[in-house]
Amino acid sequence: MNSNLTSQYIDHLDSIIQTHDTCHQDTDFRIPDRVAYNVLTRSRSAIEKISGKESHYTKQSEEILNEEWHPTYKAELLIGIVEALRDDIRSGFLISFSELVRGEIFQNFLDMAEYLCDEGFKDAAAVIAGSTLEAHLKQLSHKNNIDIFSTTTDGNVRPKKASQLNQDLGKAGYSLFDQKQVTAWLDLRNSAAHGKYNDYSIQRVTQFINWLKDFTSRNPA
């Protein structure tokens, strides 16, 4: 796990908690509304970004936010969820946090591909982007309980090709539109991997990278 990324998010959650607690200590009454809204907004954003939209942290926070309570009371309750999230990250109990780390790693590779593309090295950029796409398909398969290996008629076990994973994920993981897009970009990846550099332009590789950033963001693994 990326320890730097872990520390960054723990520090961010700590800062939200400190904003609330410091103001609470400075007054004998409830915290000002402007501080409450600050805490509510930052807490909601951090909880969803770190734990995911479907996590119980996010669902609990949404239940609180949807109630017709005073903002200061909501902030008090939401801080409890922020503290729980922070403590779970520290303890290594947040499963979905690994998705965030993988997303950060993939993003780093895509930034590298984008830099190479900007410098005119379209073929190297295409290979890196293609490898990132294939790695993400494998992670998505794990997330959706799809076997990434297949058994041949002679009994040998072999890794599934990216195209097969894409077909499987089209049934269980993402939309038919995404499936067709993945098929098209895998063709570009294959051209780059097999030295068919005239089959695509630098503009096409740029489109590939931009699409892949959006795809991995919408389909976290």
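Residues numbered from 1 in each chain as written. Predicted model: local features only at pLDDT ≥ 70, side-chain atom pairs only at ≥ 80, totals over all residues. Heavy atoms only, no water.

With that settled, consider the overall build of the protein. Across its full length, the protein holds 9 helices and 2 strands. Written out in order from the N terminus, the α and β elements of the protein read α-α-α-α-α-α-β-β-α-α-α. A burial count over the protein gives 39% of its 221 residues as buried. Relative to all contacts within the protein whose residues are 6 or more apart in sequence, the contacts with residues 24 or more apart total 67%. As presented, the protein carries roughly 12700 Å² of accessible surface, and 49% of it is formed by carbon and sulfur atoms. (Helix = DSSP H or I, 4+ residues; strand = E, 2+ residues; numbered from the N terminus. Buried < 20%, exposed > 50% of the residue type's maximum accessible area, 1.4 Å probe, protein only. Contact = heavy atoms within 4.5 Å. Areas by Shrake-Rupley, 256 points an atom, 1.4 Å probe, with all protein chains shown as cover.)

All right, on to the confidence of the model for the protein then. Here the protein averages 84 in pLDDT, and 88% of its residues register 70 or above. Mean pLDDT across the elements of the protein ranges from a minimum in helix α5 (residues 97-118), with 66, to a maximum in helix α8 (residues 176-193), with 93. (pLDDT = per-residue confidence, 0-100.)

The relation between two aromatic rings is expressed through the spacing of the ring centres and the mutual angle of the planes. Evaluation of the coordinates by the stated rule reveals 5 aromatic pairs. Relative to Phe 215, the ring of Tyr 174 has its centre 5.4 Å away and its plane inclined at 75 degrees; by these criteria the two rings are edge-to-face. Pair noted here: Tyr 174 is in the loop between α7 (162-172) and α8 and Phe 215 is in helix α9 (residues 202-218), with a separation of 41 residues, a long-range link. Given a relative accessible area of 8%, Tyr 174 falls into the buried group. Between Trp 185 and Phe 208, the ring centres sit 5.0 Å apart and the planes meet at 5 degrees, which makes this aromatic pair stacked. On the criterion of sequence distance, the pair formed by Trp 185 in helix α8 and Phe 208 in helix α9 is long-range, its members being 23 residues apart. (Phe/Tyr/Trp six-rings, centres within 6.5 Å; stacked < 30°, edge-to-face > 60°.)

Of all hydrophobic cores here, the largest spans 30 residues; its most connected members are Leu 133, Leu 137, Val 182, Phe 208, Trp 211, Leu 212 and Phe 215. Counting residues per element, this core draws most heavily on helix α6 (residues 122-143), which supplies 7 residues. Excluding residues within four positions of it along the chain, Phe 208 makes contact with Ala 126, Ala 129, Gly 130, Leu 133, Trp 185 and Leu 188. Within the second largest apolar cluster, 24 residues are counted, among which are Leu 13, Ile 31, Ile 50 and Ala 75. (Core = buried A, V, L, I, M, F, W, Y, C linked by side-chain atoms within 4.5 Å.)

A few words now on helix α2 (residues 33-51). In an α-helix, one full turn covers 3.6 residues, which means residues spaced three or four apart are oriented alike. Here α2 is 19 residues long and its end C-alpha atoms lie 26 Å apart, about the 27 Å a rise of 1.5 Å per residue gives. Inspection of α2 places Val 35, Ala 36, Val 39, Leu 40, Ser 43, Ala 46, Ile 47, Ile 50 and Ser 51 among the buried residues, and these make up the whole buried set. Taken around the axis of α2, the buried residues stretch over an arc of 155 degrees, which confines them to a single face. Facing away from the buried side of α2 by over 90 degrees, the exposed positions are Arg 34, Thr 41 and Lys 49. (Expected span 1.5 Å × (residues − 1). Arc of directions from axis to C-beta.)

Okay, the side chain of Asn 219 next. Its location among the elements puts Asn 219 in the segment after α9. Judged by its relative accessible area of 12%, Asn 219 falls in the buried class.

Further remarks concern the environment of Cys 117. Of note, Cys 117 is situated in helix α5. With 88 residues separating them along the chain, Cys 117 and Val 205 place their C-alpha atoms 7.5 Å apart. Ignoring any residue separated from it by four or fewer positions in sequence, one finds Cys 117 in contact with Ala 125, Ile 202, Val 205, Thr 206 and Ile 209.

Unusually for a residue other than glycine, Asn 145 sits at a positive phi of about 60 degrees. Inspection of the secondary structure assignment puts Asn 145 in the loop between α6 and β1 (149-151).

So, on to the packing of α8 against α9. Taken N-terminus to C-terminus, the directions of α8 and α9 make an angle of 140 degrees; their axes are 11 Å apart at the nearest point. Viewed along their axes, α8 and α9 adopt a mutual orientation that is oblique. Crossing of α8 against α9: the hand is left-handed. In contact with Asp 178, Gln 181, Val 182, Trp 185 and Leu 188 of α8, α9 contributes Arg 204, Gln 207, Phe 208, Trp 211, Phe 215 and Arg 218. Taken together, the residues that form the contact of α8 with α9 break down as 6 nonpolar, 2 polar and 3 charged. (Axes fitted to C-alpha atoms, helices over the stretch in contact; angles between N-to-C directions. Parallel < 35°, antiparallel > 145°, perpendicular 65-115°, else oblique. Left-handed = near helix turned anticlockwise from the far one by under 90°. Nonpolar A, V, L, I, M, F, W, Y, C, P; charged D, E, K, R; others polar.)

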